[in-house]
Structure formats: structure tokens, C-alpha cells
Amino acid sequence: MVAEHSAIGPGLAANLRVDGARLWKTLLEIGEIGATPGGGCRRLALTSEDRAARELFMGWAREAGAKISVDRIGNIFCRRAGSQDALPPVMLGSHLDTVPTGGKFDGALGVIAALEVLRTLEDRKIRTLAPIELVVWMNEEGSRFSPSMMGSAVFAGDLPFERALAIKDPGGTTVAAALAETGIAGEAPIGGRPVAAYLELHNEQGPILEAEGTQIGIVTGTFTARYFVATVTGEPAHVGPTPMEARRDALVGAAEAILAIDRIGRGFGPDGRSNAPHLEVYPNVRGVIPAEVKLSCDVRHADPTQVAAMEILLRSELAAIGARRGINISLEQYFQFGPMQFDAELVATFRDAARSLGYTHRDILTVAGHDTVPMRKICPSAMIFTPSIGGISHNEREFTSAAQAEAGCNVLLHAVLARTGVATA
Ligand SMILES: [Zn+2]
């Protein structure tokens, strides 16, 4: 049974490191699929580029001894047996799809780091007690098929499978049709099995770690965000004869509201955020003063009590604009995200790994959604960040250095081993 058990003792495991050069080379190689002239990636979910990246990845995982299965929504699982193989698996991964003008690191870094963990264990013939599964979630970005985090949400039971299949892209193609056309859907049943833990490495996509010179972000949970639709109601009128003082222009009211919303985010310190990114104007014709505008907006903060204060300010600002302009502005909340805490024990495991490896680290919250968010509902889940140069992400210029990626991968390796346990000879 020598092959079943490694000869490594606890001391050797502590000295274990990933192969940073191999990690970097592999990351750049997968980045060639869907490569854009600006140095980024375009691999929309369920396209031929997505499929090519997935095939390349599965080939590498197979070479490293993993057994591959793909579930019916297209999530990939690459399993490496444990010495106690009936134990629930420890999962690690991320996604391979990108936004239309994305970078080479968002998602791919976590997937390739997971592969490097597996390759390192293979090289050293280290057998874990619990099995390990590398996972590639289908459609994390939600750029082609909304919502984002689709594969992980279906796996975690957060989004019904049938409902996901019926979702259409802007061209009218359903997820079901795209899964069939690309051959991405597999046969494995979706979820319904125990998972010991889920660990994800991702780039920060924000500026904090780089600005501080910190190597690892230990993600303890999420920002809080509240999403609203503001309905601005004025009065339609002819754009010519109507005197300025007689107008009740809903779009001008919305313009003022947008500026007020922007000020709110700026007024709540470095953790404050606010957006007003989408407008619908009625009747939206050149000859008529706009009668109604639907304005989507949101407020976000690391501290949930500050989000409540931002909402109060938002409501009072909108009421004041309405009164001043003789228009009505109503605000309806349609969604709240967070606050969520990731698993405290797993967060501590990541922190211990970063500390024992001698990397600088700090606790941080994620502002963006990640596959860890739905996974936390079904198993202990947590994630770490590596720095994003200039905080740039969802952009072709997104970058994390080879040394930063290697540090993150080493933390992932040691946190995974702490969770799976290592079989001894
Ligand atoms: Zn991502």
C-alpha cells in the first residue's frame, strides 16, 4: 500500500511549496484561449472559447491523475482520491469564463492555482486523507447569461436547474441550447452530495492589497449592498411651447438624483460606494418632455449600519429633489446582498497558513460576488485574494504578478492540506 500513502511527515509538509514557474506558465497558456489584442481574454460562458479552455484544463487535470466528471449544468469536478475516500471531498476552484473584455486572472487564477496544488501533491506523492476535487464553475460572470454565479448557485440549490436552463442570452439562445450545442453539459447529477469545505483563490479586483503592499487578503465576508429602482414621475409636455418654469421634467429630476447618489457614496469614507448605472426613459422621444424615468441605483458599504444610514440619506435627497421640481420620486428596494460571513474556522485556517508561510496578510471583505457566496450555504466556505495591480479588473490590463500568484497558491495548498489531513506512511 506504499502508493496509497506518502512518506511525508509533518515537517516535510510544512516545507512544501508549489512550483511558481509552472503555475505562471500554465496561467499564461490558458490565457491564450480567447486572447484579445489588448492582452486580455474574451471567453464568454458556453461559447467555443469557453469549451476550449475547459478541455485544456481537463486534459491537464487528467494528466495529473484526477478523475473528471461534469454535471448537467456544466460544472467540472476533477477528483483526486483520498486515503479515506469515503470522506466528503474538499473542493477548491473558481471559474474559466470571462467578461467580454476581461483579463487573464479573474477566475483562471483560482482554477490554475487549484491545479498547481494537485500537481504539487502528485509530484511529492502526498496522499490526503479526504479526497480533493478541483472545480470549475459554469458561468460565474453572468455576462452572456444572467445571473452571475450560475453553476455554483445551481449546485448549491440556490437556483433551480430548470429555471437556469430556460435563461436566454440577448440573442434568444437558452442555457439549455448553449449547453447542448457546445457539448459542455455532462451526465453527473447536480449537487446533492456532502462537501467538506470549499476554498477559493481569486484576485482582489480592487486596490487595497497592492496599495498596502500586502501579499494575501483573508476574505472574512462580503460588503452589504442594497439595490433600488427610483421611479421619477413628471408630466409629459411639448418641448417647444412649454415655458421652463412650467415643466415637470422627469429626466432632469433623474439627472439631479444621479448626482446626489454619486455624492452619497463619496460621503461615507473609503468603504462607501453608490451607483446609478441604468435608466429607462418614457416616452423617450425627442418632442416630449420626459414623463417618467426608472433609475436603477444602489448603495454599498463594508459596515451594514452605514448602509442603513446611506439609504436614509438617499430617501431624503430624492424627496428634496422631488419637492423642488414638482415631481414625484418613489424608491423601491428590489434586492439586498450581504452582509455575509464566510466560515470562521476556514478563515482562520487561511490566516494560519499565510502566517506560517511568512506572508503579509490582512482581513478584507469582498465587494464583488464570487462562487464562494452560494457555496457557503452548503458547506464551510472561504476565500483569499491576491493583489490586483492598480485595482484594475474586468479589464484587459488586469494583472497579478507571478510572485503574488505563487504566494496565494502556497496559502491555498497549506489551507487545503490542513482541511483534508495528510496520510502518513
Ligand atoms: Zn471572478
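Residues numbered from 1 in each chain as written. Predicted model: local features only at pLDDT ≥ 70, side-chain atom pairs only at ≥ 80, totals over all residues. Heavy atoms only, no water.

Draft legend 1. Examining unusual backbone geometry more closely. Cis rather than trans, the peptide bond between Ser146 and Pro147 has omega equal to 10°. With respect to the element layout, Pro147 can be found in the loop between strand E4 (132-137) and helix H5 (150-155). Of the consecutive residues Tyr282 and Pro283, the connecting peptide bond is found in the cis state with omega at 0°. Relative to the helices and strands, Pro283 is located in the loop between strand E8 (273-282) and strand E9 (292-301). With phi around 55°, Lys125 is a residue other than glycine that occupies positive phi space. Structurally, Lys125 can be placed in the loop between helix H4 (108-123) and E4. Accessibility expressed as a relative area gives 62% for Lys125, which makes it exposed. Positive phi, normally seen in glycine, also occurs at His394, with a value near 50°. (Helix = DSSP H or I, 4+ residues; strand = E, 2+ residues; numbered from the N terminus. Buried < 20%, exposed > 50% of the residue type's maximum accessible area, 1.4 Å probe, protein only.)

Draft legend 2. Inspection of the environment of Thr242 at higher detail. Mapping Thr242 onto the fold places it in the loop between strand E7 (224-233) and helix H9 (250-266). Between the C-alpha atom of Thr242 and that of His361, which follows or precedes it by 119 residues, the distance is 62 Å. Apart from residues lying up to four places away in sequence, Thr242 is in contact with Ala237, Arg247 and Ile289. (Contact = heavy atoms within 4.5 Å.)

Draft legend 3. Focus on the environment of Ala225. As for its placement among the helices and strands, Ala225 is situated in strand E7. For Ala225, a relative accessible area of 2% gives the class buried. For the pair formed by Ala225 and His301, sequence separation is 76 residues and the distance between their alpha carbons is 6.7 Å. When near neighbours in sequence (up to four residues on either side) are disregarded, Ala225 contacts Val299, Arg300, Phe335, Gln336 and Phe337.

Draft legend 4. Seen up close, the coordination of the zinc ion. Coordination sphere of the zinc ion, protein contribution only: His95 (NE2), Asp106 (OD) and His202 (NE2), at 2.0 to 2.2 Å. Going along the chain, you hit the donors of the zinc ion in the pattern H-x10-D-x95-H. Linking Asp106 in the loop between strand E3 (90-95) and H4 with His202 in strand E5 (residues 197-203), this pair joins segments that are 96 residues apart in sequence. Its relative accessible area of 1% is what places His202 among the buried residues. (Donors = N, O, S within 2.8 Å, 3.2 Å for Na, K, Ca; no water.)

Draft legend 5. How the structure looks around the pattern of salt bridges. Tallying each qualifying case throughout the model produces 19 salt bridges. Across the pair Glu235 and Arg248 runs a salt bridge, and its minimum N-O distance is 3.2 Å. With Glu235 in the loop between E7 and H9 and Arg248 in the loop between E7 and H9, this pair connects stretches of sequence that are 13 residues apart. We note a salt bridge from Glu256 to Arg325, for which the minimum N-O separation is 2.5 Å. Taken together, the positions of Glu256 in helix H9 and Arg325 in helix H10 (residues 304-325) put the pair 69 residues apart, joining distant regions of the chain. Owing to a relative accessible area of 35%, Arg325 belongs among the partly exposed residues under this scheme. In the salt-bridge network here, residues are joined through shared partners; they are Arg79, Asp85, Glu133 and Arg193. (Salt bridge = Lys/Arg side-chain N within 4 Å of Asp/Glu carboxyl O.)

Draft legend 6. Structural detail: the packing of aromatic side chains. Using the criterion set out here, one finds nine aromatic pairs in the structure. Where Phe105 meets Phe399, the ring centres are 5.5 Å apart and the plane angle is 75°; that geometry is what we call edge-to-face. Separated by 294 residues along the polypeptide, Phe105 in the loop between E3 and H4 and Phe399 in the loop between strand E12 (381-386) and helix H13 (402-420) bring together distant segments of the chain. Put simply, the rings of Phe77, Trp137, Phe155 and Tyr198 touch in pairs and so form one group of aromatic residues. We note Arg193 situated over the ring of Phe77; from NZ or CZ to the ring centre the distance is 4.8 Å. (Phe/Tyr/Trp six-rings, centres within 6.5 Å; stacked < 30°, edge-to-face > 60°. Lys NZ or Arg CZ within 6 Å of the ring centre and 35° of its normal.)

Draft legend 7. Fine view of the side chain of Thr26. Along the chain, Thr26 falls in helix H2 (residues 20-30). Of note is the side chain of Thr26, whose polar atom sits 2.6 Å from the backbone oxygen of Arg22. Those residues within four positions of Thr26 in sequence are excluded, and the remaining contacts are Trp60, Ile112, Leu115 and Arg119. (Polar contact = N/O pair within 3.5 Å; in protein donor to acceptor, adjacent residues only side chain to side chain.)

Draft legend 8. Representation of the packing of H2 against H13. Where H2 meets H13, the axes come as close as 9 Å, and the angle between the chain directions of the two elements is 110°. In this view, H2 runs roughly perpendicular relative to H13, as classed from their interaxial angle. As H2 runs across H13, the sense of the crossing is right-handed. Along its contact with H2, which presents Gly20, Leu23 and Trp24, the element H13 presents Ala402, Ala405, Glu406 and Cys409. A breakdown of the residues in the contact of H2 with H13 according to their chemical character gives five nonpolar, one polar and one charged. (Axes fitted to C-alpha atoms, helices over the stretch in contact; angles between N-to-C directions. Parallel < 35°, antiparallel > 145°, perpendicular 65-115°, else oblique. Left-handed = near helix turned anticlockwise from the far one by under 90°. Nonpolar A, V, L, I, M, F, W, Y, C, P; charged D, E, K, R; others polar.)

Draft legend 9. Molecular detail of the sheet that holds E7. Spatially, the four strands line up as an open sheet ordered E8-E9-E7-E10, and their pairing is antiparallel. Single-partner strands in this sheet number two, and they are E8 and strand E10 (328-337). Strand after strand, the sheet turns through a mean of 20° between neighbouring axes, direction not considered. Alignment of E7 against E9, held across ten bridges, turns out to be antiparallel. (Pairing = 2+ DSSP bridges.)

Draft legend 10. Layout of the nonpolar core. With 70 residues, the main nonpolar core has Phe57, Leu134, Leu199, Phe350, Val411 and Leu412 as its most contacted residues. At ten residues, H4 tops the list of elements feeding residues into this core. Here Leu134 is in contact with Phe57, Ile76, Phe77, Cys78, Leu92, Ala114, Leu115 and Leu118, once residues within four sequence places are set aside. Grouped together as the second largest cluster of nonpolar side chains are 23 residues, Phe268, Val281, Met310 and Leu331 included. (Core = buried A, V, L, I, M, F, W, Y, C linked by side-chain atoms within 4.5 Å.)

Draft legend 11. Just helix H3 (residues 48-63), in detail. Helix length check: H3 (16 residues) gives 23 Å between terminal C-alpha atoms against 22 Å at 1.5 Å per residue, within 8%. Residues of H3 that are buried include every one of Asp50, Ala53, Arg54, Phe57, Met58, Trp60 and Ala61, and no others. For H3, the arc enclosing every buried residue in end-on projection is 160°, short of the 170-degree limit, so these residues lie on one face. Looking at the buried side of H3, the elements it contacts are H2, strand E1 (67-70), strand E2 (76-80), H4 and E4. Positive backbone phi, approximately 95°, marks Gly65, located one or two places after H3. (Expected span 1.5 Å × (residues − 1). Arc of directions from axis to C-beta.)

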